[in-house]
Amino acid sequence: MRRFPALFVAFLAPKQSVVRLFDRAISTLAHRRIGGARPTIRSMRSRKPSLKSAPSKSLTGIVGFDEITGGGLPSGRTTLLVGGPGSGKTIFALQFLAHGARDLREPGIFVAFEEAPQRIIANSEGFGWNLGPLQPKKLFFLDAQPPPDIIQSGNFDLSGMLAVLGDKARAMGARRIVLDAVDILLSILPDAATRRREVYRLHRWLLKNDLTGLITAKDIGDNASSFTEQPLGLMQFMVDCTVILNHRVVLGTSRRDLRVQKYRGSGFEEDELPFVIGAGGIDVAVREPGRK
Amino acid sequence: MIAGKRKREIFRFRLFVADDTPNSVLALANLDAICRRHLPDAFEIEVVDVFHEPKRALADAVFLTPTLIRLAPSPIVRIVGTLSHLQTVLQALGLEGEAA
């Protein structure tokens, strides 16, 4: 039973050493919970990012991430990036946009719901992405922080924002869009029904405009009574890809992990992988074949 | 009461709507009713459709529709929604306690 996947992989990748592949298959098994899903052909294939998978993909420029997903985020689709405060969501999102705008001729829009764009830009200066010359034609920041003194009376929706974004996206030929801290946006909507409706509207709008979307949201946790869980839960069903970032301190050492939870129509590395926020941005450690 | 002595300043409103969606139509109807009742002959309403004039929505940072902006008298007041909660709206616009 345990030998079968290893042999199978050996078939798929005849060039590589069978011994290393065997090690790799065993380590894959070791990483899985007992009684959990058994390694599938898909998860095996995901170790070979060179395999072209069905959906076209948009490179993020994030070292390691493009490798484990076989080419980045799903093009023209929406990805949900979930993580706690300080887990690296905004950096991930900005790196994805910067890479597209600078290296791939894919202009992008960054919609900031929680932080002022100036602050986000200032915080990223250390990474050497040199965002200045890209703005505003290739990289546009939209400050969409809800005013703190907002007065509400009756129902409302996000049409205004979508109208503005649609106009901007057409004008600059945008291919990528980031909605950073969408939980903030949802929190100002008056009730659960409106939140669900607007999440749905947002998603439909992204698809219609053929934008490669990345939506970030704060960790929803497992708490069933969580205020924003419902709409975010709905979002998890709608998106084509979900990535989870984790930041914790283990024995006094900071440890960051990234996990691709879901990727429709594509194979991917399913394990949690450590990453660092280094000099050039996020850097995901990809396990070497044969190493644990 | 000094009402009547003081000449009423014109209230200038800008209402951002999203086409003829129910929320937007309702907001315009509510605003019109409030103005007729509380500000007879002392109001101006400009309606801006975000789909026809998205650049104006961006210029005024309007991302939620409908949004009402009171441009005058100062200070500028912004209210989002259908304007259905009359007390909230009147209070925000400083029209509370006005003679009907």
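Residues numbered from 1 in each chain as written. Chains lettered and ligands numbered in written order. Predicted model: local features only at pLDDT ≥ 70, side-chain atom pairs only at ≥ 80, totals over all residues. Heavy atoms only, no water.

A. The overall build of chain B, seen in detail. Per the secondary structure count, chain B includes three helices and four strands. Starting at the N terminus and ending at the C terminus, chain B contains elements arranged as β-α-β-α-β-β-α. Per-residue burial for chain B yields a buried fraction of 44% across its 100 residues. Sequence-distant contacts in chain B: of pairs separated by 6 or more residues, those separated by 24 or more amount to 66%. Surface accessibility of chain B: about 5,500 Å² in total, with carbon and sulfur atoms responsible for 55%. (Helix = DSSP H or I, 4+ residues; strand = E, 2+ residues; numbered from the N terminus. Buried < 20%, exposed > 50% of the residue type's maximum accessible area, 1.4 Å probe, protein only. Contact = heavy atoms within 4.5 Å. Areas by Shrake-Rupley, 256 points an atom, 1.4 Å probe, with all protein chains shown as cover.)

B. Focus on helix α5 (residues 89–103) of chain A. Residue and element names in this part refer to chain A. Under the 1.5 Å per step criterion, the end-to-end length of α5 is 21 Å for 15 residues, consistent within 8% with the ideal 21 Å. A large share of α5 lies buried, amounting to 11 of its 15 residues. Those residues of α5 lying buried are Lys89, Phe92, Ala93, Leu94, Gln95, Phe96, Leu97, Ala98, His99, Gly100 and Ala101. Positioned one or two residues after α5, Arg105 has a phi angle of 55 degrees, which is positive. (Expected span 1.5 Å × (residues − 1).)

C. Spatial organisation of the packing of aromatic side chains. Throughout the structure, instances matching the rule amount to four aromatic pairs over all chains. Here the aromatic rings of A:Phe65 and A:Phe92 are separated by 5.1 Å at their centres, their planes lie at 85 degrees, and the arrangement is edge-to-face. In this pair, A:Phe65 is assigned in helix α4 (residues 65–68) and A:Phe92 in helix α5, connecting sequence segments 27 residues apart. Ring geometry for B:Phe11 against B:Phe13: centres 6.0 Å apart, planes inclined by 40 degrees, an arrangement best described as tilted. With a relative accessible area of 5%, B:Phe11 lands in the buried category. Over the face of the ring belonging to A:Tyr263 we find A:Lys57, whose NZ or CZ atom lies 4.8 Å from the ring centre. (Phe/Tyr/Trp six-rings, centres within 6.5 Å; stacked < 30°, edge-to-face > 60°. Lys NZ or Arg CZ within 6 Å of the ring centre and 35° of its normal.)

D. Seen up close, the confidence of the model for chain B. All names here are of chain B. Counting all residues, the mean pLDDT for chain B is 89, and 89% of those residues have values of 70 or more. Per-element confidence in chain B is highest for strand β1 (residues 11–17), whose mean pLDDT is 97, and lowest for helix α3 (residues 86–93), whose mean pLDDT is 93. Below pLDDT 50 for its whole length, residues 1–5 participates in zero contacts with residues either more than four positions away or in separate chains. For this predicted complex, the interface confidence reaches an ipTM of 0.85, while the overall pTM sits at 0.80. (pLDDT = per-residue confidence, 0-100.)

E. The arrangement of the nonpolar core in detail. Residue and element names in this part refer to chain A. Residues Ile109, Val111, Met161, Leu165, Val182 and Met235 are the most contacted members of the largest nonpolar core, which totals 46 residues. Of all the elements, helix α7 (residues 159–172) adds the most residues to this core, at seven residues. Excluding its chain neighbours within four sequence positions, the residues that come into contact with Val182 are Phe113, Leu202, Ile215, Thr216, Ala217, Leu232 and Met235. Residues Ile121, Leu134, Phe141 and Leu245 belong to the second largest nonpolar core, which totals 35 residues. (Core = buried A, V, L, I, M, F, W, Y, C linked by side-chain atoms within 4.5 Å.)

F. Structural view of the pattern of salt bridges. Evaluated as defined, the whole model comprises 21 salt bridges over all chains. Salt bridges sharing common partners tie together B:Arg14, B:Glu46, B:Glu53, B:Arg56 and B:Asp60. (Salt bridge = Lys/Arg side-chain N within 4 Å of Asp/Glu carboxyl O.)

G. Fine view of the packing of α7(A) against helix α9 (residues 192–208) of chain A. Residues and elements named next belong to chain A. In the contact formed by α7 and α9, the axes pass within 11 Å of each other and the chain directions differ by 15 degrees. As summarised for this structure, α7 and α9 are arranged roughly parallel, according to the angle between their axes. In this structure, α7 meets α9 at a crossing whose hand is right-handed. Here α7 contributes Ser159, Met161, Leu162, Leu165 and Gly166 to the contact with α9, which in turn contributes Arg201, Leu202 and Trp205. Here the residues of the contact of α7 with α9 are counted per class, giving five nonpolar, two polar and one charged. (Axes fitted to C-alpha atoms, helices over the stretch in contact; angles between N-to-C directions. Parallel < 35°, antiparallel > 145°, perpendicular 65-115°, else oblique. Left-handed = near helix turned anticlockwise from the far one by under 90°. Nonpolar A, V, L, I, M, F, W, Y, C, P; charged D, E, K, R; others polar.)

H. Structural detail: the interface of chain B and chain A. The interface of chain B with chain A comprises 25 residues on the first partner and 21 residues on the second. Both faces combined, the contact of chain B with chain A buries some 1,900 Å², and carbon together with sulfur accounts for 64% of it. The three residues of chain B that bury the most area against chain A are B:Phe63, B:Leu64 and B:Val80, which together make up 33% of that side's buried surface. There are one salt bridge connecting chain B and chain A. Joining chain B to chain A, the criterion identifies 11 residue pairs in polar contact (both at pLDDT 80 or more). Elements represented by at least two residues in the side of chain B that touches chain A include exactly α2 (54–59), β4 (77–80) and α3 of chain B. Here the side of chain B that touches chain A is composed, by residue class, of 16 nonpolar, seven polar and two charged. Where strand β6 (residues 151–152) of chain A meets β4(B), two bridges bridge the pair, whose relative direction is parallel. When the sheet's bridge partners are listed, A:Gln152 is paired in β4(B) with B:Val80. (Buried area = accessible area lost by both parts, 1.4 Å probe. Polar contact = N/O pair within 3.5 Å; in protein donor to acceptor, adjacent residues only side chain to side chain. Pairing = 2+ DSSP bridges.)

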